[in-house]
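# Reading the structure
Given next are the chains, with one letter for each unit.
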Amino acid sequence: MTNFYTRLVLFFCLLGSFGLSAQNLILNPSFEEKNNCPSSVSNLNVLLKNVSIPTGSSGDYFNACSTGDFSVPSNFRGAEKAAEGAGYTGLYFHALKDYREYLQLGLTKTLREKYPYRLQFKVSLAESSALALQEMYIVLLNKPLTLPNNTLLTENRLHLQDGLEFTKVRLQQNSTLASKDGWVTLTAEFEAKGFEKHILIGNFETNTGTKTQVLTSKSTTSDYAYYFIDDFDLQELPRINYEQDKIYVLERNPYQPKGYELDDTAMANIQKIFKFLKDNAELQLKITGHSDNTGSPEYNKFVSSLRARAVALYLKELGIEDKRIVWEGVGSSKPLQKDGLKKQGLGERRVEFVMTHYQD
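Scope of this entry: the structure provided in the associated data block. Fair warning: this is a prediction, and the values are worked out from it, not measured in the lab.

### A word on the environment of E80
Relative to the helices and strands, E80 is located in the loop between strand 4 (78-79) and strand 5 (87-94). Between the C-alpha atom of E80 and that of E127, which follows or precedes it by 47 residues, the distance is 9.2 Å. Polar side-chain contacts of E80 include one of 2.8 Å to the side chain of S124.

Right under this line is the structure:
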């Protein structure tokens, strides 16, 4: 019974550790802290607090306090309600002759080395746009960037800046970036290197190198992609710390309908296990696959072995050596307590893992 309650506590600690509330580390995340109400084309760093412009080009600021071209929801680029508060910004992500606009946001503190973080913000393609991007990135910087002209900020250009440390991170989107109806949420989870103090938003590729979608049948070289931007949130996530010789459950339902192919959430959690193993070379991992009792004992053991093997193979693919991973399937021979984890929605079809001291 002690083992059961230990497993119960560790499962919910692991599951709940990703949902803890934390402080937003972005300064002026929804562009509500302004110096002036926008009324004409002005530099964003003049209109907004804790927002800077890295090049000679400047984006636009829209707010409900304004009227006409720079109002919310209707303005000279289209119509969109603010995702949060009363204002938002707008940038050219693709335009003629590689013209780009960028936004630079400050953080409340330098990010901590080897700590995980999650960044989210929202974009909406302006109605006047004839192009849409297929993917977006952000760049994390150690200091604010200031260049005197309308420079396209490619990675090669950033490498030329004295004393600049940076890392480029791809964003995941919850919908197509071609949507002009409502906001698309962009998300990135990353491990900090310990120098990050500013975030750069924009397109870091040439027109030729940018993956785009044409939205009109009469495409021209002057077509552009202009996005409204709003509602930034950067959270420090809890560091995963697996105790030795304790049983952990990977997640509630880690498999696709076939019963042994890992889903996206499972792979994301296995990546966290990989990072922990990578940082703790003295540990090895034992993986145990389980099944329910709907089939024969032989079949149940076979399927549970496939489940454990899927986790092991993915860890090996990520870079963990074979000798640091032990896996087995035990079928339905070790069922969960009916009034415990099972009552909480955890099925018998699961994978458990234990971190143990490495023995060659």
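### Considering the environment of L125
Within the element layout of this structure, L125 appears in strand 7 (residues 116-125). With 56 residues separating them in the primary sequence, L125 and D181 have C-alpha atoms 8.0 Å apart. Excluding anything up to four places from it in sequence, L125 contacts L131, A132, L177, A178, S179, K180, L215, A225, Y226 and Y227.

### Regarding the sheet that holds strand 10 (residues 166-170)
One open sheet holds the 5 strands; their spatial order is 1-6-13-9-10, and the pairing between them is antiparallel. The outermost strands of the open sheet, each flanked by one partner alone, are strand 1 (51-52) and strand 10.

### Side note on the nonpolar core
Among the nonpolar cores identified, the biggest contains 43 residues, and I201, Y227 and L234 are the most heavily contacted of them. Contact partners of Y227, with chain neighbours within four places excluded, come to T89, G90, L91, F93, V123, S124, L125, A132, L133, M136 and L177. Judged by nonpolar contacts, the second largest core, of 24 residues, contains I270, A312, L315 and I320.

### Looking at helix 5 (residues 297-318)
Between the first and last C-alpha of helix 5 there are 32 Å, a value that for 22 residues agrees with the 32 Å anticipated at 1.5 Å per step. By the burial criterion, the buried members of helix 5 are N300, V303, S304, S305, R307, A308, A310, V311, A312, Y314 and L315. Phi turns positive, to about 130°, at G319, one or two residues after helix 5.

### Quick notes on the environment of K316
Locating K316 in the fold gives a position in helix 5. By relative accessible area, K316 is classed as partly exposed at 27%. Taking C-alpha positions, K316 is 9.0 Å from F274, a pair spaced 42 residues apart along the chain.

### Some points on the state of the cysteines
Per the counting criterion, the structure on display carries 1 disulfide. A disulfide bridge connects C37 with C65, and the sulfur atoms are separated by 2.0 Å. Every disulfide takes its handedness from the sign of the S-S torsion; for C37 and C65 that torsion is 115°, giving right-handed. Here C37 is found in the loop between helix 1 (2-16) and helix 2 (44-47), whereas its partner C65 is found in the loop between strand 2 (60-63) and strand 3 (74-75), with 28 residues between them in sequence. Given the relative accessible area of 39%, C65 is considered partly exposed.

### Regarding unusual backbone geometry
Following V72, the chain continues to P73 via a peptide bond in cis, the omega torsion being 15°. As for its position among the elements, P73 is in the loop between strand 2 and strand 3. A positive phi angle, close to 60°, is found at F31, a residue other than glycine. Looking at where F31 falls in the secondary structure, it is placed in the loop between helix 1 and helix 2.

### Considering the pattern of salt bridges
If the charged atoms of two oppositely charged side chains come close together, the side chains can form a pair. This model, assessed by the stated rule, comprises 11 salt bridges. As a salt-bridge pair, R118 and E189 come within 3.0 Å of each other at their nearest N and O atoms. Taken together, the positions of R118 in strand 7 and E189 in strand 12 (residues 184-191) put the pair 71 residues apart, joining distant regions of the chain. Owing to a relative accessible area of 24%, R118 belongs among the partly exposed residues under this scheme. Among the residues examined, E189 registers a relative accessible area of 44% and is labelled partly exposed. One salt bridge connects D322 with K316, and the closest N-O pair in it is separated by 3.7 Å. Residues joined by salt bridges that share partners form a network here, namely K109, R112 and E236.

### Thoughts on the layout of surface pockets
Looking at the largest pocket, its volume works out to about 790 Å³. Elements with a contribution of two residues or more to the lining of the largest pocket: strand 7, strand 10, strand 12 and helix 4 (264-279). A total of 9 residues in the lining of the largest pocket trace back to one element, the largest contributor, which is helix 4. Split by residue class, the lining of the largest pocket holds 11 nonpolar, 6 polar and 10 charged.

### Quick word on the packing of aromatic side chains
The way to describe two aromatic rings as a pair is by their centre distance and the angle between their planes. Within this structure, the stated rule accounts for 20 aromatic pairs. Consider the rings of Y92 and Y226, whose centres lie 5.1 Å apart with planes at 85°: the pair is edge-to-face. Linking Y92 in strand 5 with Y226 in strand 15 (residues 225-236), this pair joins segments that are 134 residues apart in sequence. Given the relative accessible area of 0%, Y226 is considered buried. An aromatic cluster is present here, built from F62, F70, F76, Y88, Y92, Y99, W183, Y224, Y226 and F228 joined pairwise through their rings. Sitting over the ring of Y115, R239 keeps its end group 4.7 Å from the ring centre.

What counts, and at which threshold
Residues numbered from 1 in each chain as written. Predicted model: local features only at pLDDT ≥ 70, side-chain atom pairs only at ≥ 80, totals over all residues. Heavy atoms only, no water. Helix = DSSP H or I, 4+ residues; strand = E, 2+ residues; numbered from the N terminus. Polar contact = N/O pair within 3.5 Å; in protein donor to acceptor, adjacent residues only side chain to side chain. Contact = heavy atoms within 4.5 Å. Pairing = 2+ DSSP bridges. Core = buried A, V, L, I, M, F, W, Y, C linked by side-chain atoms within 4.5 Å. Buried < 20%, exposed > 50% of the residue type's maximum accessible area, 1.4 Å probe, protein only. Expected span 1.5 Å × (residues − 1). Disulfide = S-S within 2.5 Å. Salt bridge = Lys/Arg side-chain N within 4 Å of Asp/Glu carboxyl O. 1 Å grid on protein atoms, 1.4 Å probe; cavity = no way out; pocket = protein on both sides within 12 Å on 5 of 7 lines; lining within 4 Å. Points joined across faces, edges and corners; volume = space filled by probe spheres on them. Nonpolar A, V, L, I, M, F, W, Y, C, P; charged D, E, K, R; others polar. Phe/Tyr/Trp six-rings, centres within 6.5 Å; stacked < 30°, edge-to-face > 60°. Lys NZ or Arg CZ within 6 Å of the ring centre and 35° of its normal.

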